[in-house]
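# Remarks on the overall topology
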Amino acid sequence: MEVPADLEKEIDERITHYPVSKRSAVLPVLHALQHHFGYLSNEAVEWTAAKLELQPIKVLEVVTFYPGFRQSAPGKYHIRVCRTLSCAMAGSAELMESLCESAKIDRSSVSHHHPIAVSEDGQFSIEFAECLASCGFGPVCMVNDDFHEKVEDAGALLGKYRD
Amino acid sequence: MSDEGKPAVEMVDIQIDGKWHKVPKGTRMIEACRQAGVEVPHYCYHPKLTSPGNCRMCLVEMGMPARPRPGEDPPQPDEDGHLPISWMPRPVIACANTVAPNMGIRTESDLTHACRQGVMELLLINHPLDCPICDQAGECSLQEFSVEHGNGGSRFREQKVKKPKNVDIGPRIRLDDERCIMCSRCIRFTDEIADDPVLGFTDRGSHTTLTVHPGQQLANNYSLNTVDICPVGALTSNDFRFQMRVWFLKETESLCTSCGRGCNVTIGSREDKVFRMTPRENNDVNSAWMCDQGRLNFHYLASDLRLTDPLIRVDGKHEAATWAEAIRVSSEALGRCQPNEIALIASGRMTNEELFMARRLASVMKTEFVDIVPRNGEADDYLVAADKNPNTTGAKLILGIDEPGKALEEIRKGIAQGRIKALVVLQENLIDDAGFTAEELGKLDFVLHTYPLANPTADAADVVLPGAAFSEKRGSMINVTGRLQRLNRATDGPGQTLETWEIVRDLIQALGGGNGIYLVEDVFKQLAAEVSEFEGLSLSKIGSLGIPLVETGETVPLLAREQERIAKGIIVG
Amino acid sequence: MAIVVKRPKLKWWEQLYLPGIIKGLGITLRHFFKSVGGSGSVTMQYPEEKWNDHLPEHYRGAPALVTDEQDRERCVSCQLCEFICPPRAITIIPEEIPSDDQWAKVEKRPKKFEIDMIRCIYCGLCEEVCPEQAIYLRKDYSITGLTRGEMVHDKEKLYEIGGKRVGLVNKWNELK
Amino acid sequence: MSTSTQEIEAPDPAAKIARSAAAIAEYQQTTEDLVGEKLVLNMGPSHPATHGVLRLILELDGEVITKAEPDVGFLHRGDEKIAENMQYNQFVPYTDRLDYLAPLANNVAYALAVEKLMGWELPARGKAIRVICCEMARISAHLLGLGAYAMDVGAMTVFLYTFQQRETVYNLSEQLTGARFTTSYTRVGGQIRDLPAGFLESLAKFCDEFLICLDEVDKLLTRNKIFLDRTKDVGVISKEDAIAWGLSGPNLRGSGVDHDVRKANPYLDYERYDFEIPVGEYGDSFDRYLVRMEEMRQSVSILRQVMADLPDGPINVVDAKQRLPQKEGVLMKMEELIHHFILVTEGLDAPEGEVYFGAENPKGELGFYINSKGGGVPYRLKIRAPSFVNLSILPHVLPGHMMSDVVVILGSLDFVMGECDR
Amino acid sequence: MDWTFLVISVVKIIGLVFLTILPMVAYSVWAERRVSAAIQDRVGPNRVGFAGLLQPMADGLKFILKEDLTPGHVRKFYYWLAPALTMVPALLTCAVLPFGSRMFGEKMVIADLDVGPLFVFAIASLSVYGIVLAGWASNSKYPFFGGVRSTSQMISYEISLGLSIVPLLMIFGTLNLGEIVQYQAKNGWTLLPLWGEGLSLQGMLLAIPMLISFVIFTTSVFAETNRLPFDLPECETELVAGYHTEYSSMKFALFFLGEYAAMIIGSGLAVTLFLGGWSLPFGWLAPDSTTAEVPWWHGLIHIGVFFAKVIAFILFFIWVRWSLPRFRYDQLMRLGWVFFFEIAVANVVLTAVIMMFFK
């Protein structure tokens, strides 16, 4: 893993925001790395630990705690389907199914530790997410940073992104 | 360490379960209860570690003197001078809170019972049905507290959460995540004591998993202490795993003899087989820990190489003999020698009593050539001492050796020149450990050798006597800091093994050097009479934790740090 | 309320011994003819006739280990039976199941499991305390041997006696 | 005391006892001066009439005993010491081997003693089952006592007849407990299982057949002059002596003392059942025989009452913290598994304290004294073994009798060395 | 020397003693076990041969093969002598028992003595020496007791035994057992006077003293042969095994055989004296006199009848043994001396009176 010089510079700058303990900078550093690489590889964790003079396990603890951090590479378009109560009642499970079907994603290997499933062509990845804060308009999902409410036609939705 | 010189501690009055006690200010509530004889159940709390307060088992009810509302009269103290207590509606954890003046603690109320019951139920929800295969069964806090404080029956009807089992996290340790109750004792130990923080919780939530960082291992020399402090069977020792149920083990308080530190241990044995050694708390020697190396250094006790019978060389071959025969042959050979034709090489692994008998033997044999084999190695920054002999201090005191190993050279010279005709080697393997050669020993008319195991020196000896190993004898040793401590017998030696002091006694007797002594206590009595440092002592006076005997100037790095942390209030100690 | 037992007062002719004797002879004669007639004898002709048919469901015969439908040896050597056994007849040495074994997840099994049948008192406590339904007292009461050694049942012998037992709880199939 | 007395011989039992005592005294006095050597005869420890391993050191003048000294302990196994290293439930199999003719009754007595320590009381059905156990055991033990008694006086066939009935009792106990002899049926707070299907029918059938057999034995012995000659006025124990020597059970009642723990200090709801306590009048061997015969009849009556009115419901004390959980729970439930483990490895959590419980066993009052310092193992456990106490009267009762009377007296005292020596 | 006599005697001795009595001894043991088993609702030995009929052979083989142990503390000579002394008299007495009428002109008795009953008593009383010697030579307390008891018991009961047959001798007027049987064959058995002279008033009246005689005689035979209820000398529940406690193997077997042989001879004597010996009832096939020739098949039937009666009597012995308790030593002595002795004497008088006044 090669961290580009400008990224490292940015990270170094962020660390300076926490003069008392470098440890507190772990979240911003991780965010920066995930933003750049798309996910946090083991090398990224170790790089962070070295950077912040921490043990790698302490960084890993943080990474595994927040669902926002990904430990494996997502697809080009990462879909998050809300499964919290009102979306669930509005059919988020069905939405997940149809999205998987149309994006050709096999979710059978998904587990607690690896919630993300990636399509064969690497275009799409998908995972369940908790409340996306639009409970009145379920089912709701996000594709990368785009927000979609009352999603009914999965194929149409994906069609907008498909290359 | 002693309390002298410390500033007087301020004492506060607190009420525990309706009775008033005085405890030092700043004491943790859980410790205050312990001092009052009330045991508060706990998992995560350990006095040698910081208190994260995450298991919630030690919840107690707390109360403080009621403050009068504006306009109200202040409450009146009762005849003993205590103010009435107003109890808080919610429980607090006893492990992380300290006492305050006039504080009230209730450990046996309906609320605390309900709390413990609830905590137990939650802990057991995802616990696997592993008791039949779990090594911890029998010394498992989960089992104990479940019966003491938990429900009698299970209400759980769902699927249990699956986590990794039988995980290899280090060369000596196996992890079972399903059994882990997330008390984090092991993590704190590796962070705070062993300075090797490789453990951590990932996937916090209902899937919290204890793990080592990918690619790392829990491999430090103190890793097995995590197994001891694990309140459940999540961490198990590869060495002890599945060997024996703890309820069969006989526990004997003794010492580790792998280095000069003399860590206090408990030997777990069943039917003359040692199954494990665990550290025994002694805040003047080893705190509550010991190194893995010393802990596992007992397997040779059951080795096939153990000598079980006295051997006499007949026509170049060793043949089994009776003790009487072996002693007779030895005393006749030694009796033929003139003064200073015999050299006596004792061992820093012998107990004081054995060394004292060796000293007697030297004077009966009229020899000035007496020495032990020095053993020096690396010290670490925790417990391991550089001196690998457990009783060098004792040997120096009793045999009067200033510099161990100095006389060895002279003895070798004497052998080469033929001045020394016989050699008595007690509990030392000269060829492997002191650089002697078989040819050298071959020059001697007579070599007597005692040792627990077969070894090259034994091959070269004329009479080989099976000597007891450390778990098979009673006696005392003095560690590198000059502390006199006691060894106890956990097992009987195999075959006809005898303790070295008994062998030497028989030899002395056969050489016409005085009557027999039949108890190791008597040996110590005579030692105390002859060696001034031991004056007024007896084996029983040493006690299970030992007593400081001489000043050597050595310190224990791990203890020094512990004192520091106690002084800072980080741990209780 | 106590009753005083009645003591017979013998008539003069009964004092002559003969009436009592003749009465006794009558009873024995009746039994004699019943036996000769073939209906009286209660003896069981042992090797040909055996108790087996009479044994109740919970008969406490020889203790033995059982395997389940999947041929898994049920004993995980928890050693509770060894602990509870009043005459200390059971000796177990546990071992780890190798990782390539089908049942590696069970982790533990007995390397040695011996019951000294000379010591065994057939009390059934081992069966009672077994948390794995692995040891059962079987309907096997004629345990013989020519040497003491033969009377120590080792693991093979115990499984041979115990055989396969179906209908037990298979908690190791991911149920626990 | 009520009953018709028309068949009762000899108007004044006290006078008769005094007469026989005087005769012994006189004999001893008159023979004291005679020149002659006395013969010391070792009867036992392996002797057919000593029912095990009792040794009697008899001093004989001709065939007449002048001094008798029982020597016990040949079957000593240190049960009481063993108990100090055994959990309460682990000790149950050892109680089988006390009075090994009535293991079921021993099991019950022991369980009741520990339950007294625990402060537990069984549900009604559990108690009724235990009554069945006790009375079956009583019948079985008395049958053997009777058979052996008859065999000692030469009537071998009676022994076989009573053994046939005992065989049936064994079959019943096998059906109930899984073992014929070493029943180990009870646990503290219950028993290992409920009555099996068909048990009550078998028991009812046994009660009927057993009475027929008892009548036969009655005919073979009770009015047989030879048997009467052998047993009447032999081994007379007066009321006062019986009390002074601490006899219990049929031997005490044979001497006319109306004492039965089941009536005097009812346990297991014995007060619910209507039964009589037979007592003797003269305290001789024949009375003891008659008392046992009647006790068996009373036992049958009790058994019939229990069967007629057997309560439903649980048979065991329910206490999740103190009683082994159900097997199904142990296999599939965490709490149950843990409790199972702790209960097996640590045993009951008994309170501190001491209790004594005595039960009316076939041989007399079997008492367990338990001194507990808390925890799963008794600190001390002592057994009041009725046979041991009953045998203590031998040096008093044997002198003056003939050598042949020894077997009769031993037979009539009906002791078991397993219990005496424990 | 009369060779013919010698040869015939040897044939009779071998035929009766070795081919009949000894097997009968063996099989009476078998019968004892089978009958007692039947009485006690058991099966008894049924494994060796059909219905266990070869069991006696197996037992015999076992006795021979068992280690013959002579304890160190015994008086060896007498210890060895005792079993022989028990066995031999029992077999000797059968010399005078008429086990049949005549065959091929020969009387079916080994020695046709004119003092038959006296000979029997004389020899039978010798067997007490065997028991006394066994008890004494064993040099052990239980056998000693057994020996002492049996001595007094046998001596006591010999008196009533002797007295009990005096009335018979008064009636028969002869001491030759062959003639006694011949008389009964013609004139009704002692206990069954239903034909010939027996039908006379005197004959019928005499049945009363004869019955008394029979009871005393039988009881005394029980006592003489140490059978329950008079088995005090061995009495296993008191004296372990009485006089033969210290014996094993074949020496023990000899005691055992002696006891059963005595029982057979006792039965033979009882049959001869009271049940008409070899004769059939109602004078069927009865020869005219002791010297009259009878067809060989008559002789054969008579032999059969004799042994049938003996066997029935042995079964009676067995039956009694398994039905009764035993006496105590003093009770037994009292019974013998105070009861049977007086009755036997009175019975003699009674018989004499009947014979005198009811001619």
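Residues numbered from 1 in each chain as written. Chains lettered and ligands numbered in written order. Predicted model: local features only at pLDDT ≥ 70, side-chain atom pairs only at ≥ 80, totals over all residues. Heavy atoms only, no water.

### Overview of the overall build of chain D
Note the following rule: Counting from the N terminus, the helices are DSSP H or I runs at least four residues long and the strands are E runs at least two residues long. Put simply, the radius of gyration uses C-alpha atoms, and a globule should come to 2.2 Å times the residue count raised to 0.38. Three labels apply to residues, based on accessible area from a 1.4 Å probe with only protein chains included: buried if under 20% of the type maximum, exposed if over 50%, partly exposed otherwise in between. Throughout, a residue-residue contact means that at least one pair of heavy atoms, one from each residue, lies within 4.5 Å. Shrake-Rupley sampling with a 1.4 Å probe provides the accessible areas, and residues are treated as covered by the protein chains on show and by no other component. By the counting rule applied here, Lys and Arg register as positive and Asp and Glu as negative, while His and the ends of each chain are not counted. Charge positions come from single atoms, namely NZ of Lys, CZ of Arg, CG of Asp or CD of Glu.
Helix and strand counts for chain D come out as 18 helices and nine strands. What you see for chain D is a C-alpha radius of gyration of 23 Å, in line with the 22 Å of a compact globule of 422 residues. Dimensions of chain D along its principal axes, counting C-alpha atoms only, are 80 × 40 × 35 Å. Scored against the burial criterion, the 422 residues of chain D give a buried share of 64%. By sequence separation, contacts in chain D at least 24 residues apart represent 71% of the contacts at least 6 residues apart. When the accessible surface of chain D is split by element, carbon and sulfur atoms take 53% of a total near 13,900 Å². Positive and negative side-chain charges in chain D, numbering 42 and 61 respectively, have mean positions lying 4 Å apart.

### What about the side chain of Arg323 of chain D?
We count it as follows: In what follows, salt bridge is the name for a side-chain nitrogen of Lys or Arg lying within 4 Å of a carboxyl oxygen of Asp or Glu. What qualifies as a polar contact is a pair of N or O atoms within 3.5 Å, subject to a donor-acceptor requirement within protein and to the restriction that residues adjacent in sequence count only when both atoms come from side chains.
With respect to the helices, strands and loops of the structure, Arg323 of chain D is situated in the loop between helix 12 (285–308) and helix 13 (327–332). Salt bridges are absent for the buried Arg323 of chain D, whose nearest opposite-charge side chain, Glu128 of chain C, sits at 6.6 Å. Engagement of the side chain of Arg323 of chain D in a polar contact is seen with the backbone oxygen of Gly189 of chain D, the distance being 3.4 Å. Those residues in contact with Arg323 of chain D that lie beyond four places of it in its chain are Trp120, Arg187, Val188, Gly189, Gly190, Asn316, Val317 and Leu343 of chain D.

### Points about the sheet that holds strand 4 (residues 108–116) of chain C
One key point about sheets: their strands pair by backbone hydrogen bonds, in either a parallel or an antiparallel sense. All names here are of chain C. Note the following rule: Here a strand pair is declared whenever DSSP counts at least two bridges between the two strands. All axes are obtained by fitting lines to C-alpha atoms, using only the stretch in contact for helices, and the reported angles, taken between N-to-C directions, cover 0 to 180 degrees.
Read from one edge of the open sheet, three strands run 3-4-6, paired in antiparallel fashion. Each of the sheet's edge strands pairs with one partner strand only, and the pair in question is strand 3 (90–96) and strand 6 (152–153). As paired elements, strand 3 and strand 4 share seven bridges and run antiparallel to each other. In the sheet register, Ile92 faces strand 4, and the bridge partner there is Phe113. Along the sheet face, helix 4 (residues 155–162) touches strand 4 and strand 6 and points at about 85 degrees away from the line of strand 4.

### Things to note about the interface of chain D and chain C
Counted only if it meets this: By buried area we mean how much accessible surface two parts lose on assembly, using a 1.4 Å probe and totalling the loss over both. Under the grouping applied here, Gly and all other residues not named as nonpolar or charged are polar, the nonpolar ones being Ala, Val, Leu, Ile, Met, Phe, Trp, Tyr, Cys and Pro and the charged ones Asp, Glu, Lys and Arg.
Between chain D and chain C, the contact holds 68 residues from the first and 51 residues from the second. At the boundary of chain D with chain C, total buried surface from both sides reaches about 5,400 Å², with 61% on carbon and sulfur atoms. Summed over the three residues of chain D that lose the most area to chain C, namely Arg223, Lys225 and Leu331 of chain D, the buried surface amounts to 13% of that side. Seen at the junction of chain D and chain C, the total is two salt bridges. Linking chain D to chain C there are 14 residue pairs in polar contact (both at pLDDT 80 or more). Elements represented by at least two residues in the side of chain D that touches chain C include exactly helix 3 (92–96), helix 6 (156–177), helix 7 (199–221), helix 8 (225–231), strand 6 (277–279), helix 12, helix 13 and helix 14 (334–346) of chain D. When residues in the side of chain D that touches chain C are grouped by element, the largest group, eight residues, is from helix 6 of chain D. Across the side of chain D that touches chain C, the residue classes break down as 25 nonpolar, 21 polar and 22 charged. Of the strand pairs in this sheet, strand 1 (residues 2–4) of chain C and strand 6 of chain D are connected by three bridges, and their pairing is parallel. Bridge assignment links Val4 of chain C to a residue of strand 6 of chain D, and that residue is Val279 of chain D.

### Observations regarding the interface of chain E and chain D
Contact residues are listed per partner, giving 25 residues for chain E and 35 residues for chain D. In total, about 2,600 Å² of surface goes out of reach between chain E and chain D, with carbon and sulfur atoms giving 59% of it. In this structure, the connection of chain E to chain D is made through one salt bridge. With a closest N to O distance of 2.7 Å, Arg328 of chain E and Asp405 of chain D form a salt bridge. Counting every contact that joins chain E to chain D gives 13 residue pairs in polar contact (both at pLDDT 80 or more). Those elements that place two or more of their residues in the side of chain E that touches chain D are helix 6 (141–172), helix 9 (236–239) and helix 12 (329–357) of chain E. Of the residues contributing to the side of chain E that touches chain D, the split by class is twelve nonpolar, four polar and nine charged.

### A few points about the packing of aromatic side chains
Put simply, the rule is: Note on ring pairs: Phe, Tyr and Trp rings are taken, using the six-membered ring of Trp, and paired if centres are within 6.5 Å. Classes follow the plane angle, with under 30 degrees stacked, over 60 edge-to-face and the rest tilted. Two thresholds decide whether a charge sits over a ring: the Lys NZ or Arg CZ must be within 6 Å of the ring centre and within 35 degrees of the ring normal.
Tallied over the entire structure, the rule returns 50 aromatic pairs over all chains. Ring geometry for Tyr43 of chain B versus Phe145 of chain B: centroids 5.3 Å apart, planes at 65 degrees, classification edge-to-face. Separated by 102 residues along the polypeptide, Tyr43 of chain B in the loop between helix 1 (29–35) and strand 3 (59–65) and Phe145 of chain B in helix 3 (residues 141–149) bring together distant segments of the chain. Using a relative accessible area of 0% as the deciding quantity, one classes Tyr43 of chain B as buried. With 5.4 Å between their ring centres and 70 degrees between their planes, Phe32 of chain C and Phe33 of chain C make a pair best called edge-to-face. A connected cluster of aromatic rings, assembled from ring pairs, spans Phe214, Phe217, Phe222, Phe274, Phe313, Phe316, Phe317 and Trp319 of chain E. Against the face of Tyr270 of chain D rests Arg262 of chain D, its NZ or CZ located 5.7 Å from the ring centre. Directly above the ring of Tyr379 of chain D sits Lys373 of chain D, whose terminal nitrogen or CZ lies 4.7 Å from the centroid.

### Some details on the nonpolar core
Note the following rule: In this description, a nonpolar core means a group of buried Ala, Val, Leu, Ile, Met, Phe, Trp, Tyr and Cys residues linked to one another through side-chain atoms lying within 4.5 Å.
Counting 203 residues, the largest nonpolar core has Leu58 and Leu394 of chain D as its most contacted members. By residue number, the principal contributor to this core is helix 5 (residues 124–152) of chain D, which donates 15 residues. Among all residues touching Leu394 of chain D, those that are not within four sequence positions of it are Leu54, Leu56, Ala68, Pro70, Pro399, Ile409, Leu410 and Leu413 of chain D. Membership of the second largest hydrophobic core comes to 63 residues, among which are Leu124 and Leu210 of chain B together with Val76 and Trp103 of chain C.

### A short note on the domain arrangement of chain A
For clarity, the cut-off: Segmentation into domains, and thus their bounds, comes from an automatic or database assignment.
Domain annotation of chain A identifies domain 1 (5–65) and domain 2 (77–159). Each of domain 1 of chain A and domain 2 of chain A has a C-alpha centre, and the two are 29 Å apart.

### Side note on unusual backbone geometry
At Asp195 of chain B, a residue that is not glycine, the phi angle is positive and equals roughly 50 degrees. In this fold, Asp195 of chain B is placed in the loop between helix 4 (185–193) and strand 9 (199–202). Phi is positive for Gln79 of chain C, which is not a glycine, with a value near 70 degrees.

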